[in-house]
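# Fold and geometry: a report
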Amino acid sequence: YWLDLEKPLNRQVGLSLIDPVLRFCVKFYTPDPAQLEEEYTRFLFCLQVKRDLATGILQCNDNTAALMASYIVQASCGDYVVEDYPDHTYLSSYRFVPHQDGSMQRKIMENHKKHFGQSPAEADLNLLETARRCELYGMKMHQAKDIEGVPLNLAVANMGIAVFQGITRINTFSWAKIRKISFKRKRFLVKLHPEGYGYYKDTVEFFFEGRNECKNFWKKCVENHGFFRCSMVQNYPRRKARVLSRGSSFRYK
């Protein structure tokens, strides 16, 4: 849920108001975390990457996962000292990836040995630099289907809308190529700028399970485009809700 400060919490979140637990998340994954100016912002971004890695949202091969985990260890434990860490079991109390075993912990330990002398801030920056190079960095998959009913995953990021079969990217619609995005019930429409000559399909359709899922993805696309591409936005006053309305009154500010 992306909370609207102008609406009551209980109207937005499907949780009991008796001891609710909310976790803050990164909304826009910057393509270059090293450009983040505030040290505390980088720290919070590292927390998000750690969570994404531990929960399997940030998917990558074992070698890359072990390298990122080793930077996490360096930042929290400091330099590797053989007297303190005679084997990989010192990592047993940490949870870096969903399916962590002894083999993964040994890979993490071998990488940890190479980071001698790195400060926690340097290790955090190296973690972010490694994470941003992963193809699925910042990608939150949304299940959909193409016009022929083939299951796909859609994701939105700083560069545009990505289309996946499973976790394999098969297409990318960059913001520069997209003329308009819209939704009609369960249909998500991407209108493209014409290119070249001959036959060209200027509208691509995807189908979601329901209207809410479709609208949610459309809204994320609008927000990402506004954040990464717009140099100036106008602040429109919120209009009063009408009894009957068509489409969505959502505007990115």
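Residues numbered from 1 in each chain as written. Predicted model: local features only at pLDDT ≥ 70, side-chain atom pairs only at ≥ 80, totals over all residues. Heavy atoms only, no water.

This brings us to the overall build of the protein chain. Across its full length, the protein chain carries 5 helices and 7 strands. In sequence order, the protein chain lays out its α and β elements as α-α-α-α-β-β-β-β-β-β-β-α. When the 253 residues of the protein chain are sorted by exposure, 35% land in the buried category. A fraction of 51% describes how many contacts in the protein chain between residues 6 or more apart in sequence connect residues 24 or more apart. (Helix = DSSP H or I, 4+ residues; strand = E, 2+ residues; numbered from the N terminus. Buried < 20%, exposed > 50% of the residue type's maximum accessible area, 1.4 Å probe, protein only. Contact = heavy atoms within 4.5 Å.)

The next thing to look at is the packing of aromatic side chains. In the structure shown here, the tally under the stated rule is 14 aromatic pairs. Ring centres of Y80 and Y85 lie 5.9 Å apart, and the angle between their planes is 40 degrees; on these two criteria the pair is classed as tilted. Note on Y94 and F96: the rings are 5.5 Å apart at their centroids and 15 degrees apart in plane angle, and the pair reads as stacked. Overall, the relative accessible area of 4% leaves F96 in the buried class. Every member of this aromatic cluster is reached through a ring pair, and the members are F28, F227 and F228. (Phe/Tyr/Trp six-rings, centres within 6.5 Å; stacked < 30°, edge-to-face > 60°.)

The next thing to look at is the pattern of salt bridges. By the definition in use, this model includes 6 salt bridges. Here E110 and K113 are joined by a salt bridge, their closest N and O atoms 3.2 Å apart. Within this pair, E110 and its partner K113 are both found in helix α3 (residues 102–113), separated by 3 residues, close to a single helical turn. According to the relative accessible area criterion, K113 is partly exposed, its value standing at 36%. Between E205 and R187 there is a salt bridge; the shortest N-O distance is 3.2 Å. Placement of the pair is E205 in strand β7 (residues 203–207) and R187 in strand β6 (residues 187–192), with a sequence separation of 18 residues. Linked through salt bridges whose partners overlap, the residues forming this network are E129, R132 and R133. (Salt bridge = Lys/Arg side-chain N within 4 Å of Asp/Glu carboxyl O.)

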